[in-house]
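Descriptive structure summary
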Amino acid sequence: MTAMGRAPRHDLLAGLTVAIVALPLALGFGVSSGLGAEAGLATAVVAGALAALFGGSNLQVSGPTGAMTVVLVPIVARYGPGGVLTVGLLAGLMLIALALARAGRYMQYVPAPVVEGFTLGIACVIGLQQVPNALGVAKPEGDKVLVVTWRAVEAFAKAPNWTAAGLAAAVAAVMLAGARWRPTIPFSILAVIGATIAAQAFGLGGARPIGDLPAGLPAPSLAFLDMSALGSLLAPAVAVAALAALESLLSASVADGMTVGQKHDPDRELFGQGIANLAAPLFGGVPATGAIARTAVNVRTGAGSRLASLTHAAILAVIVFAAAPLVSRIPLAALAGVLIATAIRMVEVGSLRAMARATRSDALVLVLTAAATLALDLVYAVVIGLLVAGALALRAVAKQARLAQVPLKADPSDDHRAEEYALLAEHIVAYRIDGPLFFAAAHRFLLELSEVADVRVVILRMSRVTTMDATGALVLKDAVTKLHRRGITVLASGIRPGQRKVLESLGALALLRQDGGDYPTTPEAIAAARAHLHGAGVLTVPAEAPDATPASASVITEEPPR
């Protein structure tokens, strides 16, 4: 961990810059959540400080985010502000439980197309959520963002508010153009200040302000907690906790990738986010997560320790206590413009294009995740993305399984004539199994093996089987049984120790031993097959007894590639 204070000048400057960037975002996300601008500020201060102290990343900046706002809007509509605060408290407890269970490591298994689709969907939802304030109309009823957006557009068409629309468009344009021109300058706060001055100086009545803000944080309280509603709030709390974990660990990973020598502790990060979400509702704040955009600004401006994140929270606290009357005059349309520009900047067109061109499966997962985010909610979207990605990955792995017939080759040290090998080839067929033999590929294997031509002995070369599950073992047993019914002897070679246990537990190994067992190598299996054919009177040339005992009574060695 980088010690705080090693480079205080850089950390203090980075914290100041992040606070300037975070102020309009905290206000905007507070308003969008339905709990008001003061909730966004309280979250940025309380959660920002506690997550910096207890979290697992030196550079993470936490607070209210657009992704979390997307989840909170329907909760506010259904349960009211008290329900959101209760959900935040429950989510904090769940995050701490995840940290104690060491669940942070599983973030690495989330596929990149799911993350990209998730981010694209969030960006679309954030942008659409701002349409009512950007158009200067009252927010229509409803918890589906597409429905609310359409109703807001209809209301604007009936009574256009060009002042609000102009301010929102101007703020968004300044932010987007400024980010290209001078990325290090916080154009968001400059644009908001300009819009506020214009609204006050020119009497732009169509630009509604945020409204009165309390001068300071409220005293901590549990008055919002309704014990009778806890049962119905568990499901929303799971969604909030899952999102907080996903977004925070993703943001911390982004911070690691932007630096050299920094690596976050995922379990400690979950713990820090849990503490932050336990405390924020007590002060009227909404659930918080690690914020990718603010974390990126923190890193780019030279932060090297947690001091930068703490400075960001402290500066926002000063603003809450000292400048609440000024902040309350900011037009809602200006904040909507900030969030629209933020949503646009979240979309990495180059990354999306590359992901879509990678494979059809990646493109499908990306599009489905984004569409589910827009149409359903974020947690369902991630679950759908993971399920589809997992199914496609299993399909790809299953295709790697191969059952290929291989020719019998004479051993140079063998004194048997080549004619005998030609005779053996008429009665023995050897198949090499490559890749995984598991539930997704096993039934295709059964069909292929069951169609073996009419021979006397089948040798299964299994040294290249990479993995085998219970389904694979049962299918192998079924195939051997069908071959036995046709009077075909089945021998196996090169079974690995890990696969031997699965085969033995399901009775497949005992079935193979009926014909003499399984053998460490293919030459030993061929020798056993030769002895079997000689005993059956098929071979007239005297056969040597196999010089190896079955693998069940010897040390197993991997079959050398042939």
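Residues numbered from 1 in each chain as written. Predicted model: local features only at pLDDT ≥ 70, side-chain atom pairs only at ≥ 80, totals over all residues. Heavy atoms only, no water.

Moving on: the overall build of the chain. Counting secondary structure elements, the chain contains 23 helices and eight strands. Out of the 562 residues in the chain, the part that is buried amounts to 51%. Carbon and sulfur atoms make up 63% of the accessible area of the chain, which totals about 24,800 Å². (Helix = DSSP H or I, 4+ residues; strand = E, 2+ residues; numbered from the N terminus. Buried < 20%, exposed > 50% of the residue type's maximum accessible area, 1.4 Å probe, protein only. Areas by Shrake-Rupley, 256 points an atom, 1.4 Å probe, with all protein chains shown as cover.)

Chain-level statistics for the chain give a pLDDT mean of 81 and a share of 88% at 70 or above. Predicted confidence in the chain is weakest over helix 18 (residues 418-427), with a mean pLDDT of 64, and strongest over helix 10 (residues 266-279), with 95. Under a pLDDT of 50 for its full length, residues 545-562 has, in the predicted model, 47 contacts with residues more than four places off or in other chains. (pLDDT = per-residue confidence, 0-100. Contact = heavy atoms within 4.5 Å.)

A word on the packing of helix 1 (residues 8-33) against helix 11 (residues 292-300). Interaxial distance between helix 1 and helix 11 falls to 9 Å at its minimum, and their mutual angle equals 165°. Judged by the inter-axis angle, helix 1 sits roughly antiparallel to helix 11. Handedness of the crossing formed by helix 1 with helix 11: right-handed. Residues Ala 14, Thr 17, Val 18, Val 21, Ala 22, Leu 25 and Phe 29 of helix 1 lie in contact with helix 11, whose contacting residues are Arg 294, Val 297 and Asn 298. Taken together, the residues of the contact of helix 1 with helix 11 sort by class into seven nonpolar, two polar and one charged. (Axes fitted to C-alpha atoms, helices over the stretch in contact; angles between N-to-C directions. Parallel < 35°, antiparallel > 145°, perpendicular 65-115°, else oblique. Left-handed = near helix turned anticlockwise from the far one by under 90°. Nonpolar A, V, L, I, M, F, W, Y, C, P; charged D, E, K, R; others polar.)

Okay, unusual backbone geometry next. With a phi angle near 55°, Arg 102 is a residue other than glycine that sits in the positive phi range. Within the element layout of this structure, Arg 102 appears in the loop between helix 3 (66-100) and helix 4 (112-129). Of the residues examined, Arg 102 reaches a relative accessible area of 48% and is grouped as partly exposed.

Our focus in this paragraph is the pattern of salt bridges. Side chains bearing opposite charge may pair, as long as their charged atoms lie close to each other. Scanning all chains against the criterion turns up three salt bridges. In this structure, Arg 432 engages Asp 434 in a salt bridge whose closest nitrogen and oxygen atoms are separated by 3.2 Å. Judged by relative accessible area, which is 17%, Arg 432 ranks as buried. The class of Asp 434 is buried, set by a relative accessible area of 17%. (Salt bridge = Lys/Arg side-chain N within 4 Å of Asp/Glu carboxyl O.)

Relative to the assigned elements, Met 175 resides in helix 7 (residues 162-181). Classification of Met 175 by relative accessible area gives buried; the value is 5%. Separated by 163 residues in sequence, Met 175 and Val 338 place their C-alpha atoms 7.3 Å apart.

Here we come to the nonpolar core. Nonpolar side chains in soluble globular proteins generally cluster together in the buried interior. If you look at the biggest cluster of nonpolar residues, it comprises 90 residues, and the most contacted ones within it are Leu 27, Ile 210, Leu 213, Val 240, Leu 316, Ile 330 and Leu 378. With 14 residues, the single largest contributor to this core is helix 3. Setting aside residues no more than four positions away along its own chain, Leu 378 makes contact with Ala 67, Val 70, Val 71, Phe 118, Ile 122, Leu 243 and Thr 373. (Core = buried A, V, L, I, M, F, W, Y, C linked by side-chain atoms within 4.5 Å.)

Right, let's get into the environment of Asp 518. Residue position: Asp 518 is located in strand 8 (residues 518-519). A relative accessible area of 0% means that Asp 518 is categorised as buried. Taking the C-alpha atoms as reference points, Asp 518 and Ser 493, separated by 25 residues in sequence, lie 5.5 Å from one another.

The next subject is helix 6 (residues 145-158). When the terminal C-alpha atoms of helix 6 are compared, their 20 Å separation across 14 residues agrees well with the 20 Å that a helix rising 1.5 Å per residue should span. Every buried residue of helix 6 is accounted for by Val 145, Val 148, Thr 149, Ala 152 and Phe 156. All buried residues of helix 6 lie within an arc of 100° about the axis, which places them on one face of the element. Those residues of helix 6 that are exposed and angled more than 90 degrees off the buried face are Trp 150, Ala 157 and Lys 158. (Expected span 1.5 Å × (residues − 1). Arc of directions from axis to C-beta.)

What follows concerns helix 12 (residues 307-322). Because the α-helix completes a turn every 3.6 residues, residues three or four places apart line up on one side. For helix 12, which comprises 16 residues, the first-to-last C-alpha distance of 22 Å matches the rise-based estimate of 22 Å (1.5 Å per residue) to within 8%. Along helix 12, the positions that sit buried rather than exposed are Ala 308, Ser 309, Thr 311, His 312, Ala 313, Leu 316, Ala 317, Ile 319 and Val 320. Turning to helix 12, the residues buried within the fold contact helix 1, helix 2 (37-54), strand 1 (62-63), helix 11 and helix 13 (324-327).

Evaluation of the coordinates by the stated rule reveals two aromatic pairs. Measuring from ring centre to ring centre gives 6.2 Å for Trp 181 and Phe 187, while their planes differ by 50°; the resulting arrangement is tilted. What makes Trp 181 exposed here is its relative accessible area of 56%. By relative accessible area, Phe 187 is classed as buried at 14%. (Phe/Tyr/Trp six-rings, centres within 6.5 Å; stacked < 30°, edge-to-face > 60°.)

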